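# Topology and contacts: notes
Residues per chain are reported as follows:
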Amino acid sequence: MKYSLVSSLILQSTIVLGDLLPVHFKAPTAAHFREIVRNDSYDFGCRAVAHPTEDGQFKLHALLTEEQISHLKREYANVPELTIHKADLVKRAATAPIGTGDRFKSGTIAPVGLGTQASGSTISSIMNVAEITSAVNALVKTYGVTTITLPYKTFNGATQVAAYVGAGTDKSKYHLYLSAGVHARERGGPDNLIYWISDLLAANKSGSGLTYGKKSYTNAQVKSVLSAGIVFFPLVNPDGVAYDQSSGSFWRKNRNTKSGSSGSAIGVDINRNFDFLWNFRKYFDSSESPASTSPSSETFYGTAAASESETKNHVSVYDSFPKIRWFMDIHSAAGDILYSWGDDDDQSTTSTMNFLNPSYDGKRGVPGDSVYKEYIPSTDATNIKNVAAKTVAAMKAVGGRSYVSQQAVGLYPTSGATDDYAFSRFWQKPGVNKVYGYTMEFGYSANFYPTATEFNQNILDTNAGFMDWALAAIAVGLE
Ligand SMILES: [Zn+2]
C-alpha cells in the first residue's frame, strides 16, 4: 500500500556539512515515514528509526541533499501533517577537533577515561586513527592487555587488532564483546570504548570506583565487569575513519573500490555485509530495502556475505573467543539501544517461522504485518529487553539526556547487520555459543560530528551504559 504523503516542508535554515543536511521529519505516526524510508538512496544514519517525541508525535532523522529535500517537498506537497525540519542543528558550536599528533606517545602513556577523573574534566579532541592504535598499545604496556592480530588486511592495507582483558589467558573465559568504528563518520565511538576500558583498568589497579556524571560504580562492580572477560575491537573501519577525518565528508562505508572507483560509489556498508539474510532480494518482501545493491548507496551490501575484510575480521573474533555471550556494537547518532531482531517484528510462538526457513523467503521485513515475524524464544526476548532497559536507565541516570531502548526493526528492517549476525550464529552454525547482540546509538540524532561538549557527554553516557549493560549481562548469566 502506498501511503499518500506529505506536505508542507518547513525549511527553516541551512547548514551545509559536505553536501548533506541534517534534517528530521515529524508526523503523527511512524507509519507516515514508511514510503520515505523505503527509498534506499536516502541516508537515515545507522538505521531508519522513528522515535516518539514529547508532544505525542514521531521523528525520523535523515541526512539529505538540497536536491532530495526539494524532491520530497514536491512529492509530499499535499500532506500537511508530515513536516521536515532542519532547525535543530543550526548555530551549533564548532565540532570537536580530531587529535593531531599522538597524545599517547607511541603507546607509552595510557589513556585516562572520564570515570576516573574529577567531575568536570574533559577530553579535548577525538582520537585520530594512529592514536587509536597507540592507545591500545599503551593499554598493553600499562595494564597487560593482550592483543590479537586479526587475519585480514583492510582494502587500504591496514592490519586490524582486537584486544582482551580481565579473565586471563584462557580465551574461553571471555564473555563480553564490544566493537566500535564500523561506520566511519560516527565520531567518538572508538573513544567511548577505549576510555571505558581505560577506566576499568585504572580503577581496578587503584582500588577505586568510577563516576560518570550522577552515576557511580563501586570497585567491586569494576572487578566484576572485568572478570566477565572483555574482548574489544575499537576500530572496525580504519580506512573509512581515516578518510572521514581527512575529508569531513560524513563518510560511512569502508573504502573498497571493487564496485565503484569514485565518489559515493566507493565502499561497502560493513553493517549490511554480515551473513544474516544478506541476500535480501531473496529473503525479504520485494517492497522492502533492508540494504542496497547499489554501490553508490550508503547501505551498499557488498559483493557477497562477508565479502569485506573488516566483516571477516569481526567474525573471526567469535571463532577465537568461543564463549562470547553478549555483544555490543557502538554507533551514533540516535540516542537509543537496539535489541534483536532487526529483520522483522519479534514473535515467540511459532519456532518454525524463522530466518532459516525457506518457505518464508520473499515474505520477511514488513513490520506490522502478520505474514512473517522473526522467532525469538521467550526467555531470550525477556533477557535482551531487560538488559537493554537497564542500559538506557544508566545512561539517563548520568544526567545528560534521555535514551530509549527498542527492538532493532523499529520502522524499517535491516539485513546483514552486526547485532543480528551475533544473535543468528547460534541457529546458523551448530555448536556455537548463543550471543545476545545489541547496537548502541549514542549521541544526538543525525549528529555524527559532536561538539566538544557533546563528545564528552557521549563518553559519560556510553561508559555508564557499558557498565550497566555488563552488570545486567552478568546478572542474567555469562554461560
Ligand atoms: Zn552506525
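What you are looking at is a predicted structure, and each value in this text was computed from that prediction instead of being measured.

## Things to note about helix 3 (residues 129-143)
An ideal rise of 1.5 Å per residue puts 21 Å on 15 residues; helix 3 measures up with 21 Å between its terminal C-alpha atoms. Among all positions of helix 3, only E131, I132, S134, A135, V136, A138 and L139 are buried. Backbone nitrogen of A130 and a side-chain oxygen of the N-cap are separated by 3.1 Å at the start of helix 3; the cap is N128. Once helix 3 ends, the next one or two residues include G144, with phi positive near 75 degrees.

## Description of the pairing of strand 11 (residues 326-332)
Among the seven residues of strand 11, seven are classified as buried, and the element is accordingly described as predominantly covered. Judged by which residues are buried, strand 11 turns out to be covered on both faces: W326, M328, I330 and S332 on one side and F327, D329 and H331 on the other are all buried. Here strand 7 (residues 176-180) runs beside strand 11; their pairing, made up of five bridges, is parallel. Along strand 11, the bridge assignment pairs Y177 with F327. Relative to strand 16 (residues 436-442), strand 11 runs parallel, the two being bridged by seven bridges.

## Observations regarding the side chain of H32
Note that H32 resides in the loop between strand 1 (21-27) and helix 1 (34-37). For H32, a relative accessible area of 5% gives the class buried. Among the polar contacts listed, one links the side chain of H32 to the side chain of T29, at a separation of 2.5 Å. Within the structure, the side chain of H32 is placed 3.2 Å from the side chain of E81, a separation counted as a polar contact.

## A look at the UniProt feature "domain: Peptidase M14" (unreviewed entry) in the protein
Per the UniProt entry, the sites bearing "domain: Peptidase M14" (unreviewed entry) are residues 125-473 in this numbering. Taken end to end, residues 125-473 is 35% helix and 14% strand, and its first and last C-alpha atoms sit 31 Å apart.

## Considerations on the sheet that holds strand 10 (residues 230-233)
Taken in spatial order, the eight strands line up as 5-6-10-7-11-16-12-15 in an open sheet, and their pairing is mixed. Only two strands of the sheet have a single neighbouring strand rather than two, namely strand 5 (146-149) and strand 15 (404-407). In this sheet, adjacent strand axes meet at a mean angle of 20 degrees when their direction is disregarded. In this structure, strand 5 lies alongside strand 6 (residues 161-165), joined through four bridges in antiparallel fashion. When the sheet's bridge partners are listed, T147 is paired in strand 6 with A163.

## Here we look at the environment of W427
Topologically, W427 is positioned in helix 10 (residues 418-428). For W427, a relative accessible area of 26% corresponds to the partly exposed category. Considered as a pair, W427 and W469 are 42 residues apart in the sequence and their alpha carbons are 24 Å apart. Residues within four places of W427 in sequence aside, it is in contact with W341, F355, L356, P377, D380 and K434.

Rules used in this analysis
- Residues numbered from 1 in each chain as written.
- Predicted model: local features only at pLDDT ≥ 70, side-chain atom pairs only at ≥ 80, totals over all residues.
- Heavy atoms only, no water.
- Helix = DSSP H or I, 4+ residues; strand = E, 2+ residues; numbered from the N terminus.
- Expected span 1.5 Å × (residues − 1).
- Buried < 20%, exposed > 50% of the residue type's maximum accessible area, 1.4 Å probe, protein only.
- Polar contact = N/O pair within 3.5 Å; in protein donor to acceptor, adjacent residues only side chain to side chain.
- Pairing = 2+ DSSP bridges.
- UniProt positions renumbered as here; feature names shortened; annotations may be inferred.
- Axes fitted to C-alpha atoms, helices over the stretch in contact; angles between N-to-C directions.
- Contact = heavy atoms within 4.5 Å.

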